[in-house]
Structure formats: structure tokens, C-alpha cells
Amino acid sequence: FSYFWNETGDALAYLAQDQAYAAEVVASENDIAEVVRSEFAANQPLKFTPTYTVGSYYYLRAGSEYGAVWTRTPVSGSQPRAVLYESDWLTSKAATLGVLQPSPDGQLLAFGIDREGLGYHTLHFAVMSDTSDAIPLSFNISNVGSHVEWGCDNGTIFYEAVDPAAQQARSLVRVNIFTGATETVLTCPSLTYKAALARTETGGYMLGYCQGLAENAVFGIAVPNGTACAGPMAPLVPLQPGIRAFVSQQAADAFLVLTNFGGAANFQVMRSTLAGLATPANWTPVAGLGSDANFRLDQVTVFPANVVVWKHDVATGTHNAVFYDPT
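Residues numbered from 1 in each chain as written. Predicted model: local features only at pLDDT ≥ 70, side-chain atom pairs only at ≥ 80, totals over all residues. Heavy atoms only, no water.

Draft legend 1. How the structure looks around the overall build of the chain. The helix and strand tally for the chain stands at two helices and 23 strands. Classification of the 327 residues of the chain by burial places 40% in the buried group. Taking as baseline every contact in the chain between residues at least 6 positions apart, the subset at least 24 positions apart corresponds to 33%. Approximately 17400 Å² of the chain is accessible, and the part contributed by carbon and sulfur atoms is 56%. (Helix = DSSP H or I, 4+ residues; strand = E, 2+ residues; numbered from the N terminus. Buried < 20%, exposed > 50% of the residue type's maximum accessible area, 1.4 Å probe, protein only. Contact = heavy atoms within 4.5 Å. Areas by Shrake-Rupley, 256 points an atom, 1.4 Å probe, with all protein chains shown as cover.)

Put into C-alpha cells, the structure is as follows:
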């Protein structure tokens with residue numbers, strides 16, 4: 001083959017004809033090739049993520065060098081169905097799958113794809129079913145951060161809106177994916193503060209954080225499942241210089257705050273009502289979870305029967321889980 005042909009354009013025409021002929025010749029072999037590929041892939045060692053449960057379904061990721069597939073299986077035990085083939089979306093070495101979030105009713109899947117390794121995602125959606133594999137929707141949202149949460153009705157989603165120029169989330173947005181109605185529910189005051197999204201473990205409140213280098217403020221909005229919600233996030237914990245606070249919810253009017261308030265350099269856990277969150281001086285220390293020079297409290301996770309507090313050993317760097325009885 002002579003590349004001299006390219007000067008007259010004959011080379012490209014020849015290659016197009018050659019590719020068309022090749023496709024015609026091997027067309028009858030495509031089914032056999034797919035069988036061979038499937039059998040070969042089936043004999044590769046698979047890697048599984050732990051199963052986790054959302055609503056009435058188990059979700060599992062299994063993969064090999066040929067890509068991975070996410071499936072879901074009803075808790076009742078019927079046939080698993082594929083909800084996401086990573087190879088369909090991760091089309092380059094730089095591409096990664098970020099968030100993967102099923103809706104509470106199990107009908108929709110939100111998943112974030114970072115195609116260029118930028119650290120933020122395009123959020124896509126798919127309709128899930130017990131009788132067929134998931135079907136992607138054409139609707140998507142660009143410049144989404146690392147956290148999204150379904151809230152209110154099962155068609156509304158909250159997400160971190162990233163400013164590409166600043167390379168960080170500056171605001172939190174709520175959108176109805178069926179109507180396209182969009183509302184900014186929180187905007188942080190300046191580039192020195194990063195917006196972050198979380199949801200309390202009981203599911204009753206969507207939380208927004210404006211996080212600075214040394215302090216943060218906390219905002220929130222009630223998100224009862226199956227009920228529409230509207231309006232911006234309301235201030236919960238005010239911004240105070242040098243004070244950090246991270247909120248968990250035990251019950252409708254019972255909150256825990258992981259904070260360095262009161263000079264707790266390694267943090268302490270304090271108790272508050274919803275109204276009391278605005279006045280740190282009224283927070284009540286939780287016995288046994290005060291500031292300790294040898295351990296830093298890193299995280300509080302609320303479960304139905306108890307609370308888990310992660311303690312970081314300052315000397316050894318190891319972590320220990322402490323179970324606290326909320327009663």
C-alpha cells in the first residue's frame with residue numbers, strides 16, 4: 001500500500017471500501033466470535049465488591065479485565081438484572097465511575113462518569129426493572145461533584161455543582177429529572193469555602209456544608225420520602241472562626257455533633273435538638289466521647305440500635321470503632 005495515494009484522496013476511499021468488504025466477510029462469524037469471547041471472559045478470575053442493600057434490592061459489582069457489570073437482585077431472591085455495564089461508559093483509560101446511587105423506590109439509577117480524569121462527573125440516569133436490564137435515559141447533568149443524594153420524591157436529586165474554573169463545588173442544586181425544574185439550594189460565600197452534600201443516616205434531613213480551611217457552616221432541609229420539597233437550605237450551625245461541626249441525626253429532634261467546639265482539639269461528640277444546633281453553647285457533651293489527647297474522633301455513624309464513633313490513635317495511626325448506646 002502506497003501512502004502516495006493519500007495526495008489524491010484515493011487512499012481514504014480505498015480504506016473505506018476495504019473496511020466495508022471485511023465487515024461483510026466476517027458478518028456471519030460475529031455470533032461465534034461473541035460466544036468465544038464470552039466463554040473466555042467467563043474463565044477469567046472475577047473481582048467482586050461487597051453486596052450492599054438499598055431499599056428492597058441487593059447491588060453487586062463483578063468484573064474482570066473485560067470490564068465490570070453492576071447487577072441488582074431483589075431481596076426476595078429472584079433473577080438478578082444488570083443495571084450498568086461499565087465498558088459501555090468507561091471508554092478511555094482516564095475514565096472512571098464515580099457515584100452510583102439507586103433511587104429509594106428502586107426505579108431509577110444515578111451514576112457519574114468522569115471521562116477525562118478531572119475529578120468531577122457527568123451524571124447519567126437509567127430506568128431499572130425486575131424483568132429486563134436497565135435502560136439509560138437521555139437526560140444528564142454536567143459538572144457534578146462526588147456526592148449526590150435522592151430526596152423528596154423519587155424523581156428529585158440533590159448534587160454538588162462544580163465550578164470548572166475553580167475546580168471545586170461552590171453550590172448545591174436540586175433538580176427534578178422528569179420536569180427539569182432546577183433550584184440552587186445553597187451557595188457558599190466565597191471561593192475559600194467548598195460546598196459538600198450529605199444526608200443524615202435516618203434520611204430525614206439533607207445537609208449542606210460550606211467548608212473552609214479552619215471552620216465550616218452547616219445548612220439543612222427536611223426531605224421526607226414521597227413528599228415534594230422546595231426552598232433553600234436553612235442555616236443549622238452558624239459559621240464561627242476556627243470551629244468545625246459535622247452533624248448526624250438519631251431521631252426527629254435528636255442530633256449528634258462531632259466538633260472541636262470548646263477547645264476540643266481532637267474533637268468531641270455533643271448532643272443537640274434541631275433548634276439548638278444554632279447555639280453551640282447549648283450543646284451537651286456525650287459522656288465518654290469527649291476530647292482526648294491520645295485519640296482523635298474522626299467520624300460518627302448512626303445505626304438504628306447504636307452509634308459508631310471512629311477513634312484515631314494519634315501515636316500509632318490506627319483506628320478503633322467505639323459503639324455508643326444512644327439510650
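Moving on, there is more to tell.
Draft legend 2. A look at the confidence of the model for the chain. Looking at the chain, the pLDDT average stands at 83 and 81% of residues meet or exceed 70. At the level of individual helices and strands, the chain shows its lowest average pLDDT in helix 2 (residues 30-42), which scores 49, and its highest in strand 16 (residues 234-237), which scores 96. Under a pLDDT of 50 for its full length, residues 1-9 has, in the predicted model, seven contacts with residues more than four places off or in other chains. (pLDDT = per-residue confidence, 0-100.)

Draft legend 3. A look at the nonpolar core. By size, the foremost hydrophobic cluster in this structure holds 20 residues, and its most contacted members are Phe-158, Leu-172, Met-206, Val-223 and Met-233. At the level of secondary structure, the elements contributing two or more residues to this core comprise strand 10 (156-163), strand 11 (168-176), strand 12 (182-187), strand 13 (194-199), strand 14 (205-211) and strand 15 (216-222). The next biggest cluster of nonpolar side chains, apart from the first, holds 15 residues, and it includes Val-148, Trp-150, Ile-157 and Val-175. (Core = buried A, V, L, I, M, F, W, Y, C linked by side-chain atoms within 4.5 Å.)

Draft legend 4. Quick look at the sheet that holds strand 19 (residues 268-272). What the four strands build is an open sheet, ordered 17-18-19-20; its pairing is antiparallel. Among the strands making up the open sheet, the edge pair consists of strand 17 (245-251) and strand 20 (284-285). In this structure, strand 17 lies alongside strand 18 (residues 254-259), joined through six bridges in antiparallel fashion. Bridging across to strand 18, Gln-249 finds its partner in Phe-255. (Pairing = 2+ DSSP bridges.)

Draft legend 5. Spotlight on the state of the cysteines. Enumeration according to the criterion identifies one disulfide in this entry. A disulfide bridge connects Cys-188 with Cys-210, and the sulfur atoms are separated by 2.2 Å. Disulfide Cys-188 to Cys-210: torsion about the S-S bond roughly -100 degrees, handedness left-handed. A residue pair is termed long-range when its members are at least 10 positions apart, and Cys-188 in the loop between strand 12 and strand 13 and Cys-210 in strand 14 qualify at 22 residues. When sorted by exposure, Cys-188 lands in the same class as Cys-210, which is buried. (Disulfide = S-S within 2.5 Å.)

Draft legend 6. Broad picture of the pattern of salt bridges. Counting across every chain of the model gives four salt bridges. In this structure, the salt-bridge partner of Arg-174 is Glu-183, at a minimum N-O distance of 2.4 Å. Under the relative-accessibility criterion, Glu-183 is labelled partly exposed at 30%. (Salt bridge = Lys/Arg side-chain N within 4 Å of Asp/Glu carboxyl O.)

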